[in-house]
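One-letter residues, chain by chain:
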Amino acid sequence: QLQLVESGGGLVQPGGSLRLSCAASGFTLDYFVIGWFRQAPGKEREGVSLISRSGGSTNYADSVKGRFTISKDNAKNTVYLQMNSLKPEDTAVYYCAATGRIASMLPVYYDYWGQGTQVTVSS
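Residues numbered from 1 in each chain as written. Predicted model: local features only at pLDDT ≥ 70, side-chain atom pairs only at ≥ 80, totals over all residues. Heavy atoms only, no water.

Using the criterion set out here, one finds one disulfide in the structure. Disulfide partner of Cys 22: Cys 96, at an S-S distance of 2.1 Å. What sets the handedness of the Cys 22 and Cys 96 disulfide is the S-S torsion sign, and at about 70 degrees it is right-handed. Of this pair, Cys 22 sits in strand S3 (residues 18–25) while Cys 96 is found in strand S9 (residues 92–99), placing the two residues 74 residues apart along the sequence. For Cys 96, a relative accessible area of 0% puts it in the buried group. (Disulfide = S-S within 2.5 Å. Helix = DSSP H or I, 4+ residues; strand = E, 2+ residues; numbered from the N terminus. Buried < 20%, exposed > 50% of the residue type's maximum accessible area, 1.4 Å probe, protein only.)

So this is what it looks like as structure tokens:
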């Protein structure tokens, strides 16, 4: 079974940092583009970042550029999202997802999804 499991979410103060993990099982990351997405209450799910199959290409939403960094460790079959300088508007459920098709920041192209992890940025 192909599974993605997110972890690392929690409550953090503005300006703080969190590192999210996405552990894959049932497949190896090399064959998939992995994206991070988030959905805040009352808003559409939006793309946050993605990393290519080779790891050589990454993409970030303008709202997180310079603050978030995506990476992967193939030996651990895990993708990470390092989030620094967190803002209250970063509060959302964060999902990782995989696609064997087009590399895109649009959720519709992703076939496999984790259950999500809550990130709350608040004083």
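Don't stop here, the text continues.
Moving on: the sheet that holds strand S8 (residues 78–83). Read from one edge to the other, the open sheet built from four strands follows the order S1-S3-S8-S7, with strand pairing classed as antiparallel. Each having just a single partner strand, strand S1 (3–7) and strand S7 (68–73) make up the two edges of the open sheet. Neighbour-to-neighbour, the strand axes of this sheet turn through a mean angle of 15 degrees, independent of strand direction. Inspection of the sheet shows S7 paired to S8 by six bridges, in the antiparallel sense. Counterpart to Asp 73 in the pairing with S8 is Thr 78. (Pairing = 2+ DSSP bridges. Axes fitted to C-alpha atoms, helices over the stretch in contact; angles between N-to-C directions.)

Once that is clear, we can look at the pairing of S9. Burial runs high along S9: seven of the eight residues are buried. By the bridge criterion, three bridges tie S9 to strand S11 (residues 117–121) in an arrangement that is antiparallel. Within the sheet, the bridge partner assigned to Val 93 lies in S11 and is Gln 118. The pairing of S9 with strand S10 (residues 112–113) spans two bridges and is antiparallel.

The analysis is restricted to geometry; functional conclusions fall outside its scope.
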